[in-house]
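The chain contents come next:
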Amino acid sequence: MKRRNFVQLAGMGAGAMLLPVSPFARTVDAQHLLAPGMDVLEKKRLANVALNAAKSSGASYADIRIGRYLNQFVVTREDKVQNIVNTESFGVGIRVIADGTWGFASTSDVTEDGIAKAAKQAAAIAKANAKVQKEPVQMVPVASYGDVSYQTPIVKNAFEVPVKDKVDLLLKANAAAMDKGASYVNSIMFLVNEQKYFASTEGSYIDQDIHRTWPTFNVTVIDKESGQFKQRGAFSAPVGMGYEYLDARPEDQIVAPGDVMLYNKSYDIVEDAAMAAEQVKQILSAKSVEPGKYDLVLEPSHLWLTIHESVGHPLELDRVLGYEANYAGTSFATLDKWESKDFNFGSDQVNLFADKTQVGSLGAVAYDDEGVKTKQWDLVKDGILVNYQAIRDQAHILGEKESHGCCYADSWSSVQFQRMANVSLAPGKEQLTPEQMISGVEKGVYIVKDGSYSIDQQRYNFQFGGELFFEIKDGKIAGMLKDVAYQSNTQEFWNSCVQVCDERDYRLNGSFFDGKGQPGQSSAVSHGSSTARFNGVNVINTARSIG
Amino acid sequence: MAIFSKDEAKTILQKVISLSKADACEANLNGSNGGNIRYARNTVSTAGENSDVTLVVQSSFGKKSGTATVNEFDDASLEKAVRRSEELAQLAPENPEFMEPLGPQEYGESKTYSEATANIDPEYRAQTAANSIKPAAEKDVTAAGFLEDSHNFAAMHNSKGLFAYNQSTNVDFTVTMRTNDGTGSGWVTRDFNDVSKLDTAEASKIAIDKALMSRNAKAIEPGKYTVILEPAASIGLLQNMFFNMGARQADEGRSFLSKKGGGTKLGEQIVDERVNIYTDPFHPDVPASPWTQGGQARKKMDILKNGVVSNMFYDRYWASQKDVDPVPFPGNGIMEGGDASLEDLIKDTRRGILVTRFWYIRTVDPQTLLYTGLTRDGTFYIENGRIAYPIKNFRFNESPIIMLNNLETLGQQVRVNGNLIPYMKIRDFTFTSLSDAV
């Protein structure tokens, strides 16, 4: 029963909620989160110390990341503050190639001596590992960018907002849910700021200031008579934005089919919490789904997770090559399928692209963690598999001349490796609204927001739940359903995609804590789509009795 | 050096407490030395070492608390941390669930430290990789594995006079072996406090054998099957059950242990009467820390006895609300087994499925503890008392409660992920679809 590197919080959802905290993070006070980090000129001076030390130790390439990682988590339930966690983690990670092999070392001793020592240690590790290395590292070229910087285009730095305001907002949302009949409500605000400085022997000195925000909750309603309880999570999205995401601008509200209120670029947590309580009451008395084949109409707040699991992960080149075989697994999307240039990943409606630049997305940066300028590229074009996600030491395998720019490390103390870019389904080219889409469905289920999820280690077979399920009968919403999950096979599923709504319906959602690697690392990634229709998908009923 | 002796830790912590001006003060000092090696494609991919030591000081005035962290231990740094935590406590909102620090406790003698594990060096890790890669390459198999070792200490002291100290070591090893034609995959997991019990060559051979045996699997129809679950398979479902045995959740009506109309299933039989699960931090095969993070003593204690819920877990606040003794979350889970070896269980099975492990287990319904996930890395059809052929992987939708009600036979225990779990034969295990994954 090991729960390493997690802070346990009882009460979030039915089980326990675990907050991921870096083992090197220190708790600090909220004010400290606003203290300026190290001056950029000093970072450059120290970076050069590392690069020189690495080179004089025999490294043919070296990079250094000087990282300051700040987190604030505000945790409440009903009318109580349970926890306020402020953490700071500061240190450097140095990666080198020596004798054709990678070596990595990190230290929290951010001094000339500490950094030089770590650089030498990285070179020594590389040389030691070179003895068993069978595939010398090959890097595609990267431009030398000189001194450059980037900041997430935030309007309000979340750390400048007093903690009291955040607590008050969460407690107001909790009260709104309780007023509407919730039995319990847990809410939490995750705020993250990565201040990272990158330099490499390629001649780039990159200073980036990245912000992410995620307000979320879980509302429980218990039906005393039947003893049944149901829950619903928040309809917020984790975003690459500042505190302006909580501005609740009326123009960002969307009324979706089934009179469901959804949100685009800003979020009304109080309104959503109240609606959640109302909807959970409806779920309790909803009809249990009849298992069978249905046409699924999947809302962007739901479809993002299916994209993440069935498209994002299998198209990571390191998985395809076997580097993740012992943990996350490999991939069905093998190189021969890509080389054939005619592998039908999906129907001709399906265009999937990777992107590290989308404004407001969790993955947006100007340069990745190995100093490559970020971009957008196609993965599946008109249904055909055309590319993967690859970094500098993999791109040559695809015959490409430059990296895709999707290298990431979750801390200065972690070694950077290939991580998922934002992977999204392109909107349909024809004008089509979700209402029009539903009007063409005879027997279907409309699913809002992600729920339970599971997929095999090569990303063939998956099962997804959701938060809200509506029965579609003869082109109309015919009431709420419960106990719904769908099972399919990735290729079969994407080939059953017959329609995608147009760009007016396109929205991002995403994962704030996506795990990969050994030792495990977390990353944040967004996925966009418009509502899409998938025909004849197998729906199961998940109701059971345990006495 | 990140490992402080008991005396060194005590000296630092006593200084911290003596500096305190708060109503209550509690200090935790933790340190670790760790290392790892990762390999894939029959070559080493990453290797590293890390060490860290941290002091956390929590000061409280009434129900208001503040925390400060420091990693330097001279007098001035300690004083700064104490004063900072006091300032923050004065500014903090009241926590209605605040509990005063515990007074002195009595702890049993820890068995969690092994010198052999503390002495693991880069050569040992490199040899582990070689123990997998060399035999794999000889059989046209590709190895991907991970070994992680750690030596930790934890010490705490508070203004009520409680002092606790523990040293522990741990080593975790997993390896996946895949045949180079892509049709077979095997896996093995091992974990110990004492690395002298770990034989990575023997473990690697099991994974290679499974990979070779699982080539060219046949598809059989999903449905309800008798299964023999290796402990590495059942542990995922059992751990999820343990994590959901909190008393507060049950009392609040949002747990599988909540009862219709209120109340809980404490004292009620919920699974087969042959199911006995307990925790014992002093068990020689799966030792755990004698005390929890908050300083509560861990003891041997029943969780499920003859299929009856004997204990739910109460944190100190909830125990005070319910006027019961706190029951800390256990450091390990031990499920009693039987004498049957895996071979005996197979021999005794006319038709069934042998499952090596489950993968990607996620909650479907918290009320019934329904989980979904898939078999992986070695799934075999058993016919007339022997393994007949490998089969394609299945997705399951099953609850550990239903699983433990459908118990047929208990086999021998194996350590997995810090717990002792027996091989189990279960009837009517629900597989809902086929997977093409190898």
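Predicted model only: the values in this text are computed from it and were never measured.

K.L.:
Kindly report on the overall build of chain B, identifying the contributing residues and their values.
P.N.:
Helix and strand content of chain B: 10 helices and 17 strands. Taken over the C-alpha trace, chain B has a radius of gyration of 24 Å; the compact-globule value for 438 residues is 22 Å, and the two agree within 12%. Its C-alpha atoms give chain B principal-axis dimensions of roughly 70 × 60 × 35 Å. For chain B, with 438 residues in total, the buried portion stands at 60%. Considering only intrachain contacts with a sequence separation of at least 6, the fraction spanning at least 24 residues in chain B is 72%. Total accessible area on chain B stands at roughly 17000 Å², and carbon and sulfur atoms take up 45% of it. Charge centroids of chain B, computed over 48 positive and 56 negative side chains, lie 5 Å from each other.

K.L.:
Tell me about the sheet that holds strand S20 (residues 422-425) of chain A, residues and numbers included.
P.N.:
All names here are of chain A. Strands sit in the order S17-S16-S15-S20 across an open sheet of 4 strands; the sheet is antiparallel. Of all the strands in the sheet, just strand S17 (384-385) and S20 have a single pairing partner and so form its edges. Where strand S15 (residues 352-355) and S20 come together, 4 bridges link them in antiparallel fashion. Residue Phe 353 lies in a different strand from S20, and its bridge partner there is Ser 424. Most of the contacts of helix H5 (residues 300-312) go to S20, to which it runs at about 115°, and overall it touches S15 and S20.

K.L.:
Please provide a residue-by-residue account of the layout of surface pockets, values included.
P.N.:
Volume-wise, the second largest pocket comes out at about 850 Å³. Together, 29 residues line the second largest pocket, and Ser106(A), Asn33(B), Asn50(B), Ser51(B) and Asp52(B) are the ones closest to its centre. For the lining of the second largest pocket, the secondary structure elements donating two or more residues are strand S6 (101-107) and helix H2 (112-130) of chain A together with strand S1 (24-40), strand S2 (43-61), helix H3 (115-118) and strand S4 (141-158) of chain B. For the lining of the second largest pocket, the element with the highest residue contribution is S2(B), accounting for 5 residues.

K.L.:
Summarise the pattern of salt bridges; cite the residues concerned and give the values.
P.N.:
What the rule picks out here adds up to 56 salt bridges over all chains. The partner of Arg41(B) in a salt bridge is Glu135(A), and the shortest N-O contact between them spans 2.9 Å. One end of the pair, Arg41(B), is in the loop between S1 and S2; the other, Glu135(A), is in the loop between H2 and strand S7 (146-151), on a second chain. Its relative accessible area of 26% is what places Arg41(B) among the partly exposed residues. For Lys449(A), the salt bridge goes to Asp450(A), with nearest N and O atoms at 3.4 Å. Judged by relative accessible area, which is 7%, Lys449(A) ranks as buried. Ionic contacts of the salt-bridge type, sharing partners, join the residues Arg77(A), Glu78(A), Glu97(B), Arg248(B), Glu252(B) and Arg254(B) into one network.

K.L.:
Tell me about the packing of aromatic side chains, residues and numbers included.
P.N.:
Geometry of an aromatic ring pair is reported as the spacing of the ring centres plus the angle between the planes. Residue and element names in this part refer to chain A. In the structure shown here, the tally under the stated rule is 42 aromatic pairs over all chains. Taken together, a centroid distance of 6.0 Å and an interplanar angle of 10° make the contact between Tyr 486 and Phe 493 stacked. Accessibility assignment for this pair places Tyr 486 and Phe 493 in one class, buried. Here the aromatic residues Phe 462, Phe 464, Tyr 486, Phe 493, Trp 494 and Phe 534 are joined through ring pairs into a cluster of three or more. One residue, Arg 232, lies across the ring of Phe 235, its end atom 3.4 Å from the ring centre. Cation over ring: Lys 443 sits above Tyr 294, and NZ or CZ is 4.4 Å from the ring centre.

K.L.:
For the packing of helix H1 (residues 40-56) of chain A against H2(A), give the residues involved together with the corresponding values.
P.N.:
Residue and element names in this part refer to chain A. Relative orientation of the contacting elements H1 and H2 amounts to 35°, with a least axis distance of 8 Å. The two elements H1 and H2 meet at a crossing, and its hand is right-handed. Contacts between H1 and H2 involve Arg 45, Leu 46, Val 49, Ala 50, Ala 53 and Ala 54 from the first element and Glu 112, Ile 115, Ala 116 and Ala 119 from the second. Of the residues contributing to the contact of H1 with H2, the split by class is 8 nonpolar, no polar and 2 charged.

K.L.:
Mind laying out the UniProt feature "domain: Metalloprotease TldD/E central" (unreviewed entry) in chain A, listing which residues take part and the relevant values?
P.N.:
According to UniProt, the positions carrying the feature "domain: Metalloprotease TldD/E central" (unreviewed entry) are residues 159-248 of chain A. Annotated as residues 159-248 of chain A, this span is 19% helix and 48% strand, and its ends, taken at the C-alpha atoms, are 19 Å apart.

K.L.:
Residues and numbers for the interface of chain A and chain B, please.
P.N.:
Listed by partner, the interface residues are 71 residues for chain A and 88 residues for chain B. Here chain A and chain B share an interface that buries about 6600 Å² over both sides, 48% of which is from carbon and sulfur atoms. Taken together, chain A and chain B are joined by 3 salt bridges. Close ionic contact of Arg38(B) with Glu324(A) constitutes a salt bridge, the shortest N to O distance being 2.9 Å. Joining chain A to chain B, the criterion identifies 31 residue pairs in polar contact (both at pLDDT 80 or more). Ranked by residue count, the leading element in the side of chain A that touches chain B is strand S10 (residues 228-233) of chain A, at 4 residues. When its residues are assigned to classes, the side of chain A that touches chain B shows 25 nonpolar, 29 polar and 17 charged.

K.L.:
Can you lay out the sheet that holds strand S6 (residues 185-192) of chain B for me, pointing to particular residues and giving the numbers?
P.N.:
Residue and element names in this part refer to chain B. Taking strand neighbours across the sheet as the criterion, the 6 strands line up as S3-S2-S1-S4-S5-S6 in an open arrangement whose pairing is antiparallel. One side of each edge strand has no neighbouring strand; the edge strands of this open sheet are strand S3 (64-70) and S6. Strand-to-strand, the axes of this sheet are offset by a mean angle of 15°, without reference to chain direction. Two strands pair when backbone bridges link them, and S4 and strand S5 (residues 163-179) are joined in this way by 17 bridges, in the antiparallel orientation. The residue bridging Ala 155 from the neighbouring strand is Tyr 165, located in S5. Running over the sheet, helix H1 (residues 6-19) touches S1, S2, S4 and S5 and is turned about 140° from S1. Each of S2 and S3 is contacted by helix H2 (residues 75-91), which is oriented at about 150° to S3, the strand it contacts most.

K.L.:
Help me get a handle on helix H6 (residues 231-243) of chain B, residues and values and all.
P.N.:
All names here are of chain B. The terminal C-alpha atoms of H6, which comprises 13 residues, lie 18 Å apart, in line with the 18 Å expected from a rise of 1.5 Å per residue. Extensive coverage of H6 is indicated by the burial of 11 of its 13 residues. When H6 is considered as a whole, its buried residues turn out to be Pro 231, Ala 232, Ala 233, Ser 234, Ile 235, Gly 236, Leu 237, Leu 238, Gln 239, Met 241 and Phe 242.

K.L.:
Outline the domain arrangement of chain A, listing residues and values.
P.N.:
Accessible area lost when the parts come together is the quantity often used to give the size of an interface. All names here are of chain A. On domain assignment, one finds that chain A holds domain 1 (6-284) and domain 2 (287-541). Every contact between the two is made by 67 residues of domain 1 and, on the other side, 54 residues of domain 2. With both chains or domains summed, domain 1 and domain 2 bury close to 4800 Å², and 61% of this area falls on carbon and sulfur atoms. Among the residues domain 1 hides against domain 2, the three largest losses belong to Arg 65, Val 140 and Pro 257. Together they make up 14% of the total. Residue Glu 370 is joined to Arg 95 by a salt bridge in which the shortest nitrogen-to-oxygen separation is 2.9 Å. Scanning the region where domain 1 abuts domain 2 turns up 21 residue pairs in polar contact (both at pLDDT 80 or more). When its residues are assigned to classes, the side of domain 1 that touches domain 2 shows 38 nonpolar, 19 polar and 10 charged.

K.L.:
Which residues make up the environment of Phe61(B), and what are the values?
P.N.:
All names here are of chain B. Residue position: Phe 61 is located in strand S2. For Phe 61, a relative accessible area of 18% translates into the label buried. Through-space distance from the C-alpha of Phe 61 to that of Asp 23 is 5.1 Å; in sequence the pair is 38 residues apart. Those residues in contact with Phe 61 that lie beyond four places of it in its chain are Lys 21, Ala 22, Asp 23, Glu 86, Ala 89 and Gln 90.

K.L.:
Quick rundown of the nonpolar core? Include the residues and the values.
P.N.:
Met241(B), Ile353(B), Met424(B) and Phe429(B) are the most contacted members of the largest nonpolar core, which has 58 residues in total. Not counting residues up to four positions away in its chain, the partners in contact with Phe429(B) are Gly223(B), Lys224(B), Tyr225(B), Val227(B), Leu229(B), Leu237(B), Phe358(B), Phe396(B), Glu398(B) and Met403(B). Residues Ala421(A), Phe462(A), Trp494(A) and Ala532(A) belong to the second largest nonpolar core, which totals 57 residues.

Each value, and the rule that gives it
Residues numbered from 1 in each chain as written. Chains lettered and ligands numbered in written order. Predicted model: local features only at pLDDT ≥ 70, side-chain atom pairs only at ≥ 80, totals over all residues. Heavy atoms only, no water. Helix = DSSP H or I, 4+ residues; strand = E, 2+ residues; numbered from the N terminus. Rg over C-alpha atoms; globule rule 2.2 N^0.38 Å. Buried < 20%, exposed > 50% of the residue type's maximum accessible area, 1.4 Å probe, protein only. Contact = heavy atoms within 4.5 Å. Areas by Shrake-Rupley, 256 points an atom, 1.4 Å probe, with all protein chains shown as cover. Lys, Arg positive; Asp, Glu negative; His and termini not counted. Charge placed at Lys NZ, Arg CZ, Asp CG, Glu CD. Pairing = 2+ DSSP bridges. Axes fitted to C-alpha atoms, helices over the stretch in contact; angles between N-to-C directions. 1 Å grid on protein atoms, 1.4 Å probe; cavity = no way out; pocket = protein on both sides within 12 Å on 5 of 7 lines; lining within 4 Å. Points joined across faces, edges and corners; volume = space filled by probe spheres on them. Salt bridge = Lys/Arg side-chain N within 4 Å of Asp/Glu carboxyl O. Phe/Tyr/Trp six-rings, centres within 6.5 Å; stacked < 30°, edge-to-face > 60°. Lys NZ or Arg CZ within 6 Å of the ring centre and 35° of its normal. Left-handed = near helix turned anticlockwise from the far one by under 90°. Nonpolar A, V, L, I, M, F, W, Y, C, P; charged D, E, K, R; others polar. UniProt positions renumbered as here; feature names shortened; annotations may be inferred. Buried area = accessible area lost by both parts, 1.4 Å probe. Polar contact = N/O pair within 3.5 Å; in protein donor to acceptor, adjacent residues only side chain to side chain. Expected span 1.5 Å × (residues − 1). Domains from an automatic or database assignment. Core = buried A, V, L, I, M, F, W, Y, C linked by side-chain atoms within 4.5 Å.

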